[in-house]
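What follows is each chain in one-letter form.
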Amino acid sequence: QEDVDPGAASTTLECIMNTGELLLHDIPIKFDPTSNFVWHNSSLPFHPNGMRCIVKADGKVLHEETYYSTGGGFIVSETDLALGTLPTASGEDEDFSDFLPHPFSSGFDLLAECKKQEISVAELMRMNEEARYSEETVSQKLGRTWEVMKTCVARGCLEDPDGTLPGPLGVKRRAPKLFRAIVGEEKLDRLKMDEDDPVKVFDAALSSSKGALCDADKMCLLSTFAIAVNEVNASGGQIVTAPTNGASGIVPAVMCYLENFVMGREEGDKWVETFLLTASAVGLLFKHNASISGAEAGCQGEVGVACSMAAAGFTATAGGTVEQIECAAEIAMEHHIGLTCDPVAGQVQLPCIERNALGASKAINAGVLAIRGDGSQVVTLDDIIKVMKETGDDMKLKYKETSLGGLAKVLGERKGFHARGSSLVHVGIPEC
């Protein structure tokens with residue numbers, strides 16, 4: 001949620017651990033994580049990321065509720081399921097399709113509606129959003145999303161180049177060193193002395209370096225932008241779930257690349273809205289027809305979907321047709337099918353951070369391929385969404401965010417890392 005201060009999380013957690021108390025409406029409740037958290041090696045029925053909360057007093061159950069984290073910040077309770085009301089991440093009722101001027105549930109529907117109305121994907125999405133919010137509010141929300149994304153990239157690039165990410169792996173930050181190596185260390189240090197705003201420092205460093213950057217430098221910066229976001233995420237900083245925390249670096253990385261090396265800041269914010277609205281349409285298709293949860297579909301549901309969203313946004317911003325946009329989204333996902341979610345030691349660092357960097361590169365490649373074609377497809381976007389869901393359903397549990405398979409298993413055995421110090425199946429890693 002936007003009103004939660006991520007920077008206060010570590011302080012709050014430390015206070016809970018030191019006092020052994022939780023504050024519920026300013027009332028202290030005794031709480032011991034070692035005994036009050038009970039981990040199970042089986043899943044609850046609706047979704048793998050489930051938590052049952054039980055409040056007791058004098059041995060009697062006062063209240064009980066089960067919650068599910070379904071990916072991208074969406075929380076659903078069993079009460080919601082029983083009543084048929086599924087709230088969104090903002091707490092609003094998700095069932096508003098009857099009020100939308102242009103509802104769609106598939107890539108085929110989306111393409112047909114855009115062709116019928118002679119509008120773009122972004123225009124269709126904006127019309128749907130304006131069925132709920134004013135035009136001004138939609139623009140404000142889109143602007144705020146981009147602001148948080150870009151601030152996250154800037155903060156990650158300007159961190160201590162010798163810093164280490166929290167957690168048992170001791171992973172060194174890479175984004176600050178990469179950024180400094182490309183834009184120049186002395187220049188960056190001078191800018192940081194004169195300006196406190198990370199975005200202003202970030203923009204100034206890139207603006208003064210553009211003429212000296214080769215294509216390889218620009219592609220390295222694309223990867224750097226993605227890595228920066230995921231290092232902020234791994235440190236508990238504020239990011240945008242696009243579509244999830246663990247895959248949050250791809251969309252902002254591609255957008256920063258576009259702003260600095262394609263569009264230019266003088267172009268205004270229109271392209272930002274086009275990108276985000278188009279990307280969100282693709283994200284909706286995956287969320288409603290498959291999954292954006294690593295615990296359900298593996299990393300294809302996180303990095304794969306983020307890459308597909310970014311490819312669609314890139315193509316739309318470059319003036320691609322609706323057919324080319326869907327083609328780009330399909331290409332991006334097609335080459336993530338089967339990607340597992342295997343975070344080492346339960347930390348969303350290895351291999352997650354680097355996967356975002358490669359996902360950003362794939363997104364641009366998919367967009368370029370689609371733009372150079374006529375948009376015709378043998379494999380459609382709907383086809384690949386169906387394949388992704390079936391692959392996720394067939395994927396073994398150990399490859400779906402449990403840290404029990406893949407790199408997590410191999411490195412865990414070699415280095416003695418275990419997810420949360422236990423051999424039980426643990427899903428729902430916070431940074432995902």
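See the structure above.
The following paragraphs examine the structure supplied in this document. (Residues numbered from 1 in each chain as written. Predicted model: local features only at pLDDT ≥ 70, side-chain atom pairs only at ≥ 80, totals over all residues. Heavy atoms only, no water.)

## Structural notes on the overall build of the chain
What counts is decided by this rule: A run of H or I in DSSP becomes a helix once it reaches four residues, and a run of E becomes a strand once it reaches two; helices and strands are each numbered from the N terminus. Every radius of gyration here is taken over C-alpha atoms, with the globule rule written as 2.2 Å times N^0.38, N being the number of residues. Burial classification: accessible surface area is computed with a 1.4 Å probe over protein chains only, and a residue below 20% of its type maximum counts as buried, one above 50% as exposed, and the rest as partly exposed. The contact rule is simple, with two residues in contact once any of their heavy atoms fall within 4.5 Å. Only the protein chains shown count as cover for residues, and all accessible areas are computed by the Shrake-Rupley method using a 1.4 Å probe. Charged-residue counts in this description rest on Lys and Arg as positive and Asp and Glu as negative, His and the chain ends being excluded. Charge placement uses NZ in Lys and CZ in Arg. For Asp and Glu, CG and CD serve respectively.
Of the regular secondary structure elements, the chain holds 18 helices and 5 strands. Here the C-alpha atoms of the chain give a radius of gyration of 22 Å, agreeing with the 22 Å that 2.2 N^0.38 yields for 432 residues. A principal-axis box enclosing the C-alpha atoms of the chain has dimensions of 65 × 55 × 45 Å. Per-residue burial over the chain gives 48% buried out of 432 residues. In the chain, of all internal contacts separated by at least 6 residues, the share reaching a separation of at least 24 is 66%. Carbon together with sulfur atoms contributes 53% to the accessible area of the chain, which is approximately 21300 Å² in total. For the chain, the separation between the mean place of its 38 positive charges and that of its 62 negative charges on side chains is 6 Å.

## Notes on helix 18 (residues 406–415)
As a reminder, the rule being used: The arc in question is traced by the directions running from the helix axis to the C-beta atoms.
Within helix 18, the full set of buried residues consists of Ala408, Leu411 and Gly412. The arc enclosing the buried residues of helix 18, seen along the axis, measures out at 110 degrees, which places them on a common side. Exposed positions of helix 18 whose direction lies more than 90 degrees from the buried face are Glu413 and Arg414. Positive phi shows up at glycine 416, right after helix 18, with a value of about 80 degrees.

## A look at the pairing of strand 4 (residues 60–69)
Under the convention used in this document: Any two strands between which DSSP finds at least two bridges are classified as paired.
One ladder, built from 8 bridges, connects strand 3 (residues 50–57) with strand 4; its direction is antiparallel. Bridge pairing links alanine 57 to lysine 60 in strand 4. Taking the residues between adjacent antiparallel strands as the criterion, strand 3 and strand 4 are bridged by 2 residues, where aspartate 58 takes a positive phi near 55 degrees. In this sheet, strand 5 (residues 75–77) lies alongside strand 4 in antiparallel orientation, the contact comprising 3 bridges. When the sheet's bridge partners are listed, tyrosine 67 is paired in strand 5 with serine 77. Between strand 4 and the antiparallel strand that follows it, strand 5, lie 5 residues; glycine 71 among them carries a positive phi value of about 105 degrees.

## What to know about the sheet that holds strand 3
To keep things clear, this is the line we draw: Lines fitted to the C-alpha atoms define the axes, with helices restricted to the stretch that makes contact. Angles between their N-to-C directions range from 0 to 180 degrees.
The strand order 3-4-5 describes an open sheet built from 3 strands, whose pairing is antiparallel. Of all the strands in the sheet, just strand 3 and strand 5 have a single pairing partner and so form its edges. With direction set aside, neighbouring strand axes in the sheet form an average angle of 30 degrees.

## Side note on the nonpolar core
Operational definition: Each nonpolar core is a collection of buried residues, namely Ala, Val, Leu, Ile, Met, Phe, Trp, Tyr and Cys, held together in the definition by side-chain atoms within 4.5 Å.
Counting residues in each nonpolar core, the largest one holds 104 residues, and the members touching the most others are Phe179, Phe225 and Val254. Those residues in contact with valine 254 that lie beyond four places of it in its chain are Leu222, Phe275, Ala310, Phe314, Ala360, Ala363 and Ile364.

## Focus: the side chain of serine 361
Checked against the element boundaries, serine 361 lands in helix 16 (residues 352–372). Using a relative accessible area of 15% as the deciding quantity, one classes serine 361 as buried. Setting aside its immediate chain neighbours within four residues, serine 361 contacts Met219, Leu222 and Ser223.

## Here we look at empty space enclosed by the protein
Where empty space is left becomes clear once a probe the size of a water molecule has been rolled over the atoms. This is how the line gets drawn: Only protein atoms enter the calculation, which uses a 1 Å grid: trapped sets of points that fit a 1.4 Å probe without letting it out are cavities, open sets showing protein on both sides within 12 Å along at least five of seven lines are pockets, and any residue with an atom within 4 Å of a point is a lining residue. Grid points are joined across faces, edges and corners, and a volume is the space filled by probe spheres set on the points. Residues are grouped as follows: Ala, Val, Leu, Ile, Met, Phe, Trp, Tyr, Cys and Pro are nonpolar; Asp, Glu, Lys and Arg are charged; every other residue, Gly included, is polar.
Considering all chains together, one arrives at 2 cavities of 30 Å³ or more under this definition. In this structure, the largest cavity encloses a volume near 80 Å³. Along the walls of the largest cavity sit 11 residues, with Gly246, Cys299, Glu302, Cys341 and Cys352 positioned nearest its centre. Of the residues belonging to the lining of the largest cavity, the class tally is 7 nonpolar, 1 polar and 3 charged. Val148, Met149, Cys152, Val229, Ile239, Val240, Ala242, Ser248 and Pro252 are the residues that line the second largest cavity. Sorting elements by how many residues they give to the lining of the second largest cavity places helix 6 (residues 135–157) first, with 3 residues.

## Observations regarding the environment of glycine 107
On the secondary structure map, glycine 107 appears in helix 4 (residues 107–117). Judged by its relative accessible area of 1%, glycine 107 is buried. Taking the C-alpha atoms as reference points, glycine 107 and glutamate 326, separated by 219 residues in sequence, lie 7.3 Å from one another.

## Looking at the packing of aromatic side chains
Short version of the rule: Two rings from Phe, Tyr or Trp (for Trp, the six-membered ring) form a pair when their centres sit within 6.5 Å of each other. Planes less than 30 degrees apart are called stacked, planes more than 60 degrees apart edge-to-face, and all others tilted. Comment: the charge-over-ring label is applied if NZ (Lys) or CZ (Arg) is within 6 Å of the ring centre and within 35 degrees of the ring normal.
This model, assessed by the stated rule, comprises 7 aromatic pairs. Arranged with centres 5.6 Å apart and planes meeting at 65 degrees, the rings of phenylalanine 202 and phenylalanine 225 form a pair that is edge-to-face. Separated by 23 residues along the polypeptide, phenylalanine 202 in helix 9 (residues 198–207) and phenylalanine 225 in helix 10 (residues 215–234) bring together distant segments of the chain. The lysine or arginine in question, lysine 141, covers the ring of tyrosine 133, its NZ or CZ lying 4.9 Å from the ring centre. Above the face of the phenylalanine 74 ring, lysine 287 is positioned so that its terminal group lies 4.4 Å from the ring centre.

## Some details on the environment of asparagine 356
Put simply, the test is: In the analysis that follows, any N or O atom pair within 3.5 Å is treated as a polar contact, provided that within protein one partner can donate a hydrogen and the other can accept it, and provided that, for residues neighboring in sequence, both atoms belong to side chains.
Residue position: asparagine 356 is located in helix 16. With a relative accessible area of 0%, asparagine 356 lands in the buried category. Residues asparagine 356 and asparagine 230 lie 126 residues apart in sequence; the distance between their C-alpha atoms is 7.7 Å. The contacts of asparagine 356, once residues within four sequence positions are left out, are Ala226, Asn230, Gly246, Ala247, Ser248, Gly249, Ile250 and Val303. A polar atom in the side chain of asparagine 356 sits 3.0 Å from the backbone nitrogen of glycine 249.

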